[in-house]
Every structure is written in structure tokens, then in C-alpha cells.
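Per-entry structural report
The chain contents come next:
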Amino acid sequence: MTPSIFDAEHLLFIPATADADAIPVIYAFPNEYTVGITSLGYQIVWATLATRGDLQVSRLFTDLHEPLPGEPELLGFSVSWELDYVNILGLLESLDIPIRASNRQESHPLIFGGGPVLTANPEPFADFFDVILLGDGENLLGEFVDGYQQVRKAGRLQQLRHLAQIPGVYVPSLYEVTYHSPEGAIASIHPIDSDIPETVAKQTYRGNVLSTSSVVTEKAAWPDIFMVEVVRSCPEMCRFCLASYLTLPFRTASLETSLIPAIERGLQVTRRIGLLGASVTQHPEFNQLLDYLNQPQFEDVRLSIASVRTNTVTPELAQTLANRGTKSLTIAIESGSERVRKIVNKKLENQEITQAAVNAKAGGLTGLKLYGMSGVPGEELEDLEATVQLLQSLKKSAPGLRLTFGCSTFVPKAHTPFQWFGVNPQAEKRLKKLQKELGKSGIEFRPESYNWSVIQALISRGDRRLSSLLELVRNYGETLGSYRRAFKELRGTLPDLDFYVHENWESTQILPWNHILGPLPVSTLQKHLAEATSYFPAAKKIISPVS
């Protein structure tokens, strides 16, 4: 433990004094402190727990921790990245807690987890958790703790059965999954008896006061930043986008009762503000917020904004950011092909992208970061050429503006219309083609690793059979070769990599997350999928999962 790191924290809440019989809780982030303390989700849950007098909360990271209780009753994990599962297993072992829930005894704490990864598809990790909290934590977290208080002195199974009755609380061990064969698709997912709910619904917070930092520290990955959640979800609903579909409906923080008071609190401890959200500039009062931040008393405030909607990039926005210490802006265009953008429901035209670049330069920004995707379902080689041509035209339209194009591989995500599609195995070649063509034009290209996108897809589409594979990979060392080795060793006990990653799944297929209810019903997702495939080339429409 390194006390000086915790001493550098400026708390924006008052921790409660724990009651004499307070529940000992460990709240963990499966990565280093600098990463975890920068997670707004982790900050908020920690503050929520720490302000309860009936809890005694200690924080745990992979590199340091606060004093930990000898006999914790609850151990929670905030999971925001799939590949952090390795660190979850490591932290459990460091505390002498069995990795698998089925091996834990009455003396072990209940292991719970939450966050976007677990909410989207908890199944690859189901065997490692006793309880998984699905959705927004504003109300769910308190209901979970209250529910545990009611059965605190009961046996472990009685505790779990009681908690399973709380909306949004998923107890994996109380559900049985059967398969058509060891290497086949899922045949059924059912609760073990009629007292357990058939399905578990993701919980949605509908208030107009969203999250803000509960701690500011120079030791964070973004030093001394006060984060303000301006919007939650995104109204655009790009058909691949987990951040939009999983978090619907689109919600905005009240300017007068939430955003401005929050920023004023943050400015008491720092002069760096970060505005967060999937589509910050689509807040209906964003211009008024910008006017507020443009006041003379905020001239020394550094302002950062998460990815913004392309057609909201005005010279005024760019100038405000440039004056507040920002050098570049980030926009997501997905592709230079208007047909591909129609497939993914990106409501954007090339001239709007060009205007954003022109406005960024006019406002004084020196760089523009654009994000795109390779291997989008229905994509053709000519669509890549359209992307190259668009970026080349941007360079001519805004000379001197440094252009960076970051490109990922399409990865299917649960609860989105593209959950039935697999990863295009040609995506890696297409990334290399983009790199070659853009390099000729002097445009910086930053591709994400295709191979790690494959692993991300494996986990995002995985079922419970993956738990054995994940354990093996962790023991072998987390490399791409370890995944291949683990699949080879487990052959005959689970499907192969292609089944999880590359295959298009039938719309009638039982998906690993069928018993987890997201914001939209499957019928609506299939309707959105049909709209997307209507833009496919005629020869490709036969590969649609709904054909």
C-alpha cells in the first residue's frame, strides 16, 4: 500500500462513519489505481457505498489497496473492459477466494460485479460471480445492499435466492444452460425452479441528475480532471453501438439543477473539466452550457469533451475548446462511404464531415481525430476507397489541420441489431489496405489490433463454456497464442473460435444473453437489422441472419 497516493485525493463527498456492525465490503477495480480512479463509474459506486453508515468500504486495485477487512462479506468489481477478467481472477486468488462461485463456502464473501461488460453479456464470466448487477447503479446498488441486509445472517443459498428477486440482480448459479451438443448451440436457458424469475431486466435510471466525479486527483490517468456526465446513451442509435442500444433511452442532465452546480463544485478543487457522454453536443442546452463556460472567470479552465456529433462542430465550439487548452477534436464518421453509413444508421453526409474539418481549423484547433470501422456487415472494397477519398479531400479542404484516422474492426455486441453478425475475416486485410493508401497521402492511421478484436468478439458473444477457456488462457499467459492453445486443449467440450467470432447466427438461435432483457425487445432489433440489410449489395443479402 502507498498511502501518499490516497493522500493526494480531493474528495467531493463526505464518507460516512461506519456503524459498529457495518458490513465489511471490498470494492475493487481490476486494473491499476491510475486507471480505476479515472473511471467515473467506479468513482460513483465507491462514493455511493462509502456514504452508507451500514457499510465499511475498502478499495482494492491491482497495484495497491486500502486496509482490507479480514472477513469481508461483500466483494465487488467494476468491469469496464473485457480483458480485465484476468485481473479479477488474480485478485480473487490473492485474497484466497476460489475463482469459481461453485467452490466457495459459507465463509467466503459474496462476489458481485457490474458495469457495461457484465450488463451486456455476463455469461462468459457467470461462473466467477455470485451476483451480477445489470444496468444503471443509481437505484439498483442501494436495493442490492438493502436486500443483502435483510438476509445477512442467512445461509449463502438463501441469500442468493433472496437477492435474485430484486429487479436487475442476476444470480447465474440459479439458471441452468443446456446445449444441443458439447460443441453446439444453446438449447435452453431456464431458472432452476419456479421461484426464480425467468428473465432479468437491465435497470434504467431515468433522472435528470447524472454522474459527476466524486474524487479529483493528480494521480489519475487524466490528472486533476473533474468529470461531468452531460448525456447518457445516444439518440443516433448506430446499429453496432453498445453505448447507444444498451443504455437507452437518451437522457440529459439538467443545465440549471445539475450541470452548472456540478461544474461549480468541481472548480473549487481543479481547473480542468471533462464533459462526458456518447454525444455530448446533442444536449438540447449545449450552446447555453458553452456560453456559461465562455465567461471571463473561466479563462484559465482547461476543457475536454468526449467524441462529439460531427454536424455540431461549429467554429464557436472549436474556438472555445482551443481557448481552453484543447488542440484537437474527435468525431466518429465510421466510413467515407455514404452507403455504409446508411447500413449502420450513421445519419451523416460527406459535406457535413468536410464542414466539421473546416470549422475545426477556423476555430483554432490544430488537429482532427476521426474514427472509423473496418469489416462492417455489407461493406465492399469500394467503400474503403470512398473512405480514402474522403480523408484526402479533407486534407485539401482544411490545409494544415493534422488529420488522424483511427480504425477498429467491427465487433458484434449483445443487445444491438448487429449481434447476429460475425467478424469479417477480411477486416485485417482491409485495415492494411487503408494503412497503405492513407500513408501515401500523409494521413496518420491508427488501426486497432485485428487479433485483439477477435478476442473481444469471442468474449462479447461467449457463453458459459468459455469460463474454462478463460481460466486456461490466464494460466498460460494472456497472449493470442494462449487462446489458440486453450481452444485446442478443450476441443470437444465447446464450439470452435469460428462459431463464436466469425459465424452469422440465425435470428431464431438462442443467444447466450436471451434471459437478460435489454432496453429493446428482440423484435425491434430484428426490424432495425432488416433496415440495415436493405442497403446491402444484392449478392450479399442472402447472408443476412434474418434472411
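Since this is a predicted model, take the numbers as computed values, not measurements. Within each chain, residues carry numbers counting from 1 in the order of the written sequence. Totals for whole chains, interfaces and linings use every residue, but because this is a predicted model, local features are given only for residues with pLDDT of at least 70 and side-chain atom pairs only at 80 or more, for both listing and counting. Hydrogens and waters are ignored; side-chain quantities use all the structure's heavy atoms.

**Topic: the domain arrangement of the protein**
Rules: As annotated, the domain borders come from an automatic or database domain assignment. Throughout, a residue-residue contact means that at least one pair of heavy atoms, one from each residue, lies within 4.5 Å. Computed with a 1.4 Å rolling probe, the buried area is the accessible surface lost when two parts are put together, summed over both parts.
Domain boundaries assigned for the protein yield domain 1 (5–201) and domain 2 (211–306). The distance between the C-alpha centroids of domain 1 and domain 2 comes to 27 Å. Contact with domain 1, which involves 21 residues of that partner, is made by 23 residues of domain 2. Both faces considered, domain 1 and domain 2 share a buried interface measuring about 1800 Å² in area, 67% of it formed by carbon and sulfur atoms. The largest per-residue losses of area from domain 1 upon contact with domain 2 belong to Leu12, Thr38 and Leu40, which jointly make up 34% of the total buried on that side.

**Some details on the UniProt feature "domain: Radical SAM core" (unreviewed entry) in the protein**
Formally: UniProt positions are given in the numbering used here, feature names are shortened, and annotations may be inferred rather than shown by experiment. The secondary structure listing takes helices from DSSP runs of H or I that are at least 4 residues long and strands from runs of E that are at least 2 residues long, numbered from the N terminus.
Under the present numbering, the feature "domain: Radical SAM core" (unreviewed entry) in UniProt falls on residues 220–441. Between the C-alpha atoms that bound residues 220–441 the distance is 37 Å, and the span itself is 38% helix and 18% strand.

**Let's talk about the pattern of salt bridges**
The condition is simple: Salt bridges are counted wherever a side-chain nitrogen of Lys or Arg sits within 4 Å of a carboxyl oxygen of Asp or Glu. Exposure classes here rest on a 1.4 Å probe applied to the protein chains alone. A residue is buried below 20% of its type maximum, exposed above 50%, and partly exposed in between.
Counted under the stated rule, the structure contains 30 salt bridges. With a closest N to O distance of 3.6 Å, Arg232 and Asp136 form a salt bridge. Residue Arg232 is located in strand β13 (residues 231–232), and its partner Asp136 is located in the loop between β6 (131–133) and α6 (137–150); the two are separated by 96 residues in the primary sequence. We classify Arg232 as buried; its relative accessible area is 9%. Across the salt bridge formed by Arg239 and Glu531, the nearest N and O atoms sit 3.1 Å from each other.

**Details of helix α3 (residues 40–50)**
The buried fraction of α3 is high, at 8 of 11 residues. Taken together, the buried positions of α3 are Leu40, Tyr42, Gln43, Val45, Trp46, Ala47, Leu49 and Ala50.

**What about unusual backbone geometry?**
The step from Leu248 to Pro249 runs through a cis peptide bond, and the omega angle for that step is 0°. Structurally, Pro249 is set in the loop between α8 (242–245) and β14 (251–252). Not every positive phi belongs to a glycine, and Ser233 is a case in point at roughly 75°. Structurally, the position occupied by Ser233 is in the loop between β13 and α8. The class for Ser233 is buried, based on a relative accessible area of 5%. In this structure, Met237 is a non-glycine residue whose phi angle is positive, near 55°.

**Some points on the packing of helix α14 (residues 381–397) against helix α15 (residues 427–440)**
The cut-off we apply is this: Note on method: axes are straight lines fitted to C-alpha atoms, helices fitted across the in-contact stretch only, with angles between N-to-C directions ranging 0 to 180 degrees. If an angle is under 35 degrees, it is roughly parallel; if it is over 145, roughly antiparallel; if it lies from 65 to 115, roughly perpendicular; otherwise it is oblique. Here a crossing is called left-handed whenever its near helix is offset anticlockwise from the far helix by less than a right angle, and right-handed whenever the offset is clockwise. Here the nonpolar group is Ala, Val, Leu, Ile, Met, Phe, Trp, Tyr, Cys and Pro; Asp, Glu, Lys and Arg are the charged ones; every other residue, Gly included, is treated as polar.
Relative to each other, α14 and α15 sit at 30°, their axes nearing to 10 Å. If you check the angle between α14 and α15, you find them roughly parallel. Both α14 and α15 take part in a crossing whose hand is right-handed. Between α14 and α15, the residues in contact are Leu381, Leu384, Thr387, Val388 and Leu391 and Arg430, Lys433, Leu434, Glu437 and Leu438, respectively. Here the residues of the contact of α14 with α15 sort into 6 nonpolar, 1 polar and 3 charged.

**Notes on the environment of Gly168**
The topology assignment puts Gly168 in the loop between α7 (156–163) and β7 (169–170). Separated by 24 residues in sequence, Gly168 and Phe144 place their C-alpha atoms 9.0 Å apart. What Gly168 contacts, discounting residues up to four positions off in sequence, is Ile132, Leu133, Leu134, Leu140, Val200, Ala201 and Gln203.

**Describing the nonpolar core**
The following threshold applies: In plain words, nonpolar cores are sets of buried Ala, Val, Leu, Ile, Met, Phe, Trp, Tyr and Cys residues tied together by side-chain atoms within 4.5 Å.
Counting 168 residues, the largest nonpolar core has Phe77, Tyr85, Phe129, Leu275, Leu370 and Leu469 as the members making the most contacts within it. Taken domain by domain, the makeup of this core includes at least three residues from each of domain 1 (5–201) and domain 2 (211–306). Filtering out sequence-adjacent residues up to four positions away, Phe77 remains in contact with Tyr27, Ala28, Pro30, Ile88, Leu91, Leu92, Ile111, Phe112, Gly113, Gly114 and Phe129.

**What to know about the pairing of strand β8 (residues 175–179)**
We count it as follows: In this analysis, strands are considered paired if DSSP registers two or more bridges between them.
Where β8 lies against strand β9 (residues 186–191), 5 bridges are found, and the strand directions are antiparallel. Within the sheet, the bridge partner assigned to Thr178 lies in β9 and is Ser188.

**Looking at the packing of helix α16 (residues 450–460) against helix α18 (residues 480–489)**
Across the interface, α16 lies against α18 with an axial gap of 10 Å and an inter-helix angle of 45°. Relative to α18, the element α16 lies oblique. Judged by the sense of rotation from one axis to the other, the crossing of α16 with α18 is left-handed. Counting all contacts with α16, which are made through Asn451, Trp452, Ile455 and Leu458, the residues of α18 involved are Leu480, Tyr483 and Phe487. Residue composition of the contact of α16 with α18, by class: 6 nonpolar, 1 polar and no charged.

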